[in-house]
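# Chain and residue survey
Read off the chains here:
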Amino acid sequence: MIALILAAGLILRLFKLDQSLWLDEAINVTFVKNLNLKSLIFDYSVGDFHPPFYHILLRGWVLLFGSSEIAVRLPSVILGLATVCIGHLIAKKLFDNKTALISATLIATSPLHVYYSQEARMYMLAAFFASLSVYFFVSILKKETLVYWFGFVISTALMLYSDYLPYLLLPVYVIFLLIFKNNIRKSTARTFLPAFILIFVLIVPWLSIFPKQLSAGLSAAAASPAWSNVVGSSSLKDLVVMYVKFIIGRISNDNNLIYALLFAPAGAIFTLLLFLSTFRMNHLRFFLWLWLLVPILSAFLISFFVPVFAYFRFIYILPAFYILISSSINMVNWPKFNRFFLTLVLAVNLISLGIYFSNTKFQRENWKGAVAYVHTASTGDFPVLFEASDPFSPFDYYNNGRVKAYGALESFTANQKEVATKVDNLTQNARKVFLFQYLSQITDPEGFVFSELSKSGFANVSTKDFDGVGFVYEFTR
């Protein structure tokens with residue numbers, strides 16, 4: 001049965017895997033291809049505000065299998081499937097085989113889990129090691145062995161080298177051990193202290209670099225408050241959005257009222273099941289609630305100082321969410337009840353996936369189409385401009401040097417005088433110019449680049465809209 005579930009999960013994760021790379025993916029691929037290992041760890045990782053393990057892994061993978069969209073996303077596909085399998089093992093340790101199979105089914109078909117299993121970023125790597133860490137933690141509580149202790153230390157350390165938000169899993173362990181110390185063997189509880197010390201020793205090499213990385217991140221956030229809101233902010237709306245995304249994935253609607261009405265039935269089902277999971281509470285079920293809630297609440301508070309609160313950073317707690325849901329489905333000894341709620345939850349997952357797969361609006365930024373349009377429309381040596389200091393990595397990835405591209409800004413945000421000078425220099429002998437709108441609401445909210453092109457005698461003769469990328473303007477004079 002688990003083999004069939006994993007096969008279905010694999011099919012879902014391979015479907016539409018060749019979508020265009022979006023900004024962060026293309027940046028990753030560009031740097032792992034062009035930098036040596038030392039520069040990748042000590043230079044690029046600092047500016048990327050993530051630990052270096054994923055970049056090291058991706059570099060090795062690209063050297064072996066190339067840098068096509070499918071190639072660079074396959075590690076996340078594999079890690080996503082492995083996380084489904086580990087989620088099954090955790091649920092089996094905590095409950096029974098039936099609950100474990102339901103958990104695996106729901107994680108395998110989770111729209112948010114599928115989406116990030118198709119992304120060349122570190123979130124699924126972190127989710128894999130976080131789940132593995134939890135598995136060994138639970139296994140130690142059940143039966144203490146040297147293998148489990150070794151697995152717990154190594155998997156936790158690798159988790160901490162993968163991403164920063166999973167660091168919030170450590171307080172989950174500590175809080176659980178303190179609350180339920182009377183339910184745990186004294187020898188086991190005492191051994192966790194040296195285990196945590198050893199984990200800390202293993203990550204000390206990177207922690208010595210972290211202050212520099214934090215400083216760079218805070219400086220970037222201060223330079224552009226609008227960008228801070230994109231990467232993570234603390235508000236009640238952000239909490240609600242996280243719950244919505246956990247249930248239906250990346251799909252959304254511009255009309256908030258319609259979106260809320262469409263989500264209401266699915267939200268009611270999941271809320272009811274989460275409520276039912278609070279019945280028959282024991283210390284192990286309480287651990288699942290800690291795994292789910294402590295990282296969310298901690299990150300929410302941290303985001304008042306450092307912008308990190310964004311739902312996609314919490315893929316590593318999705319197994320806790322679905323194991324709780326699965327335990328509720330299987331809690332009542334009434335087959336009709338079990339089948340009814342399993343069918344409802346599975347329907348929500350599959351319908352959400354169907355919308356994601358069938359509607360390009362909910363897929364990744366269509367840089368492939370945008371660059372192809374420029375290549376088709378550009379019949380001469382015409383520049384492509386971006387409302388940024390440099391062309392964006394996805395454009396470079398698909399352009400492959402065919403047309404000349406430049407950033408129209410001197411820095412991350414627009415200054416009208418600097419824009420006027422730079423636009424004049426870049427378009428001095430041009431009869432045609434292409435302008436990408438991408439991220440202009442952050443970098444050039446006043447529209448200085450568009451305005452300066454118009455002042456230079458250019459007229460906007462064509463505008464194309466590409467999902468996620470935004471408008472591409474064609475100017476002639």
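Whatever comes next refers back to the structure up there.
Quantities reported herein were computed from a predicted structural model and do not represent experimental measurements.

### Some points on the packing of aromatic side chains
By the definition in use, this model includes 60 aromatic pairs. Ring geometry for F15 versus F357: centroids 4.9 Å apart, planes at 80 degrees, classification edge-to-face. In this pair, F15 sits in the loop between α1 (2-14) and α2 (23-34) while F357 sits in helix α18 (residues 335-358), placing the two residues 342 residues apart along the sequence. Ring centres of F137 and F192 lie 5.2 Å apart, and the angle between their planes is 50 degrees; on these two criteria the pair is classed as tilted. Here the residue F137 occupies a position in helix α8 (residues 123-142), and F192 occupies one in helix α11 (residues 186-207), the gap between them amounting to 55 residues. With relative accessibility at 0%, the residue F137 sits in the buried group. Judged by its relative accessible area of 1%, F192 falls in the buried class. Within the aromatic cluster, the residues linked to one another by ring pairs are F137, W149, F152, Y173, F176, F180, F192, F196, F286, F287 and W291.

### Digging into the environment of Y406
Of note, Y406 is situated in strand β2 (residues 405-407). When neighbours within four sequence positions are excluded, Y406 is seen to be in contact with P383, V384, L385, F386, P391 and L426.

### Overview of the packing of helix α5 (residues 69-94) against helix α6 (residues 97-109)
Two numbers describe how α5 lies on α6: the axes approach to 8 Å, and their chain directions differ by 155 degrees. The angle between the axes of α5 and α6 places the two elements in the roughly antiparallel class. Note that α5 runs across α6; the crossing there is right-handed. Packed against α5, whose contacting residues are V84, G87, H88, A91 and K92, the element α6 presents N97, T99, A100, L101, S103, A104, I107 and A108 at the interface. Its residues placed into classes, the contact of α5 with α6 shows seven nonpolar, five polar and one charged.

### Quick notes on the pairing of strand β3 (residues 432-436)
With five of five residues buried, β3 lies mostly within the body of the structure. Side chains of β3 alternate between two faces, with K432, F434 and F436 and V433 and L435 buried alike. Both strand β1 (residues 384-386) and β3 contribute to a ladder of three bridges, which runs parallel. Across the sheet, the residue bridging to V384 is F434, located in β3. Note: β3 against strand β5 (residues 470-476), five bridges, orientation antiparallel.

### Some words on the side chain of S326
Along the chain, S326 turns up in helix α17 (residues 318-329). On the accessibility criterion, S326 (0% relative accessible area) is buried.

### Points about the pattern of salt bridges
In total, this model carries seven salt bridges according to the counting rule given. For D24, the salt bridge is made with R121, and the minimal N-O distance between the two is 3.7 Å. Of the two residues, D24 is situated in helix α2 and R121 in the loop between α7 (111-116) and α8; the sequence distance between them amounts to 97 residues. Close ionic contact of K455 with E452 constitutes a salt bridge, the shortest N to O distance being 3.5 Å. With K455 and E452 both in helix α23 (residues 448-455) and three residues apart, this pair spans about one turn of that helix. For K455, a relative accessible area of 58% translates into the label exposed. Look at E452 and you get buried, because its relative accessible area is 10%. The network of salt bridges with common partners includes E25, R73, E119 and R364.

### Here we look at the sheet that holds β5
Overall, mixed pairing links the five strands, which are arranged β2-β1-β3-β5-β4 in an open sheet. Of all strands in the sheet, those bounded by a partner on one side alone are β2 and β4 (459-466). On average, adjacent strands in this sheet sit at an angle of 25 degrees to one another, irrespective of strand direction.

### Thoughts on the packing of helix α15 (residues 256-276) against α17
Geometry of a packed helix pair, given as the angle between the helix axes and the separation of the axes. Across the interface, α15 lies against α17 with an axial gap of 8 Å and an inter-helix angle of 75 degrees. Taken together, α15 and α17 sit at an angle that is classed as roughly perpendicular. In contact with F270, L273, L274 and L276 of α15, α17 contributes F321, Y322, L324, I325, S328 and I329. In the contact of α15 with α17, the residues fall into nine nonpolar, one polar and no charged.

### So, the nonpolar core
In terms of nonpolar packing, the biggest core is built from 150 residues, with W291, F314 and F436 touching the most fellow members. Those residues in contact with F436 that lie beyond four places of it in its chain are W367, A370, V374, V384, L385, F386, E387, F395, V469, F471 and V472. Residues L385, L409, V419 and L435 belong to the second largest nonpolar core, which totals 14 residues.

### Quick word on helix α21 (residues 416-426)
When α21 is considered as a whole, its buried residues turn out to be V419, K422 and V423. The buried side chains of α21 occupy one side of the element, clustering within an arc of 100 degrees when seen end-on. Taken together, the buried residues of α21 touch β2 and α23. The opening residue of α21 is N415, an N-cap whose side-chain oxygen sits 3.2 Å from the backbone nitrogen of K417.

### Describing a nonpolar patch on the surface
There is a patch of nonpolar side chains on the surface, built from F150, I154, L193, I197, L198, F200, V201, L202 and V204 and spanning about 830 Å² of accessible area. Where the nonpolar patch is concerned, the elements lending two or more residues are α9 (146-160) and α11. Counting residues per element, the nonpolar patch draws most heavily on α11, which supplies seven residues. Here L198 lies in helix α11. Overall, the relative accessible area of 43% leaves L198 in the partly exposed class.

Calculation rules
- Residues numbered from 1 in each chain as written.
- Predicted model: local features only at pLDDT ≥ 70, side-chain atom pairs only at ≥ 80, totals over all residues.
- Heavy atoms only, no water.
- Phe/Tyr/Trp six-rings, centres within 6.5 Å; stacked < 30°, edge-to-face > 60°.
- Helix = DSSP H or I, 4+ residues; strand = E, 2+ residues; numbered from the N terminus.
- Buried < 20%, exposed > 50% of the residue type's maximum accessible area, 1.4 Å probe, protein only.
- Contact = heavy atoms within 4.5 Å.
- Axes fitted to C-alpha atoms, helices over the stretch in contact; angles between N-to-C directions.
- Parallel < 35°, antiparallel > 145°, perpendicular 65-115°, else oblique.
- Left-handed = near helix turned anticlockwise from the far one by under 90°.
- Nonpolar A, V, L, I, M, F, W, Y, C, P; charged D, E, K, R; others polar.
- Pairing = 2+ DSSP bridges.
- Salt bridge = Lys/Arg side-chain N within 4 Å of Asp/Glu carboxyl O.
- Core = buried A, V, L, I, M, F, W, Y, C linked by side-chain atoms within 4.5 Å.
- Arc of directions from axis to C-beta.
- Polar contact = N/O pair within 3.5 Å; in protein donor to acceptor, adjacent residues only side chain to side chain.
- Patch = residues over 30% accessible without salt bridge, like charges linked within 9 Å, V, L, I, M, F, W, Y side chains within 5 Å.
- Areas by Shrake-Rupley, 256 points an atom, 1.4 Å probe, with all protein chains shown as cover.

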